[in-house]
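# Fold and geometry: a report
These are the residues of each chain, in order.
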Amino acid sequence: MAEKIIELLKPIVRDGSEMKTVTLRDISVGDYVQIGPVNVMTITDDGETRIEPMPKRVVDYAVRCGGLTKTEVLGMSMKDFKKLFVWARDGTAFGGDSD
């Protein structure tokens, strides 16, 4: 996975200027070990498998890999946050076509 640039629907205001894009570096092994997966699979007592999103980890990845502050991430529009979520999910997934 390479560096990702996300165009923001709601710009982030920092030091009086608007950031209309966020550049996210590739997630490293160190990032993954420190933060963990974005989705966690659990099995209920009934044997059902559930995938639980961990949005706080998306915030941690955005801060660590995008140079954003926690406040900036929490102030994003939901659509912009979903773009971050997809980036973090895809960057931490293990599966058939993961890099």
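Heads up: these notes are all about the structure in this document. (Residues numbered from 1 in each chain as written. Predicted model: local features only at pLDDT ≥ 70, side-chain atom pairs only at ≥ 80, totals over all residues. Heavy atoms only, no water.)

### Description of the pattern of salt bridges
Once the charged atoms of two side chains with opposite charge are near each other, the side chains can pair. In the structure shown here, the tally under the stated rule is 5 salt bridges. The salt bridge involving Arg14 is made with Glu72; its shortest N-O contact spans 2.7 Å. Taken as a pair, Arg14 in strand β1 (residues 4–14) and Glu72 in helix α3 (residues 70–74) lie far apart in primary sequence, 58 residues in all. Owing to a relative accessible area of 12%, Glu72 belongs among the buried residues under this scheme. Among the ionic pairs, Lys83 bridges to Asp80, the shortest N-O distance being 3.9 Å. Highlighted residues: Lys83 and Asp80, both in helix α4 (residues 78–92), separated by 3 residues, approximately one helical turn. Accessibility expressed as a relative area gives 31% for Lys83, which makes it partly exposed. Residue classification places Asp80 among the buried positions, given a relative accessible area of 0%. Salt bridges sharing common partners tie together Arg25, Asp31 and Arg64. (Salt bridge = Lys/Arg side-chain N within 4 Å of Asp/Glu carboxyl O. Helix = DSSP H or I, 4+ residues; strand = E, 2+ residues; numbered from the N terminus. Buried < 20%, exposed > 50% of the residue type's maximum accessible area, 1.4 Å probe, protein only.)

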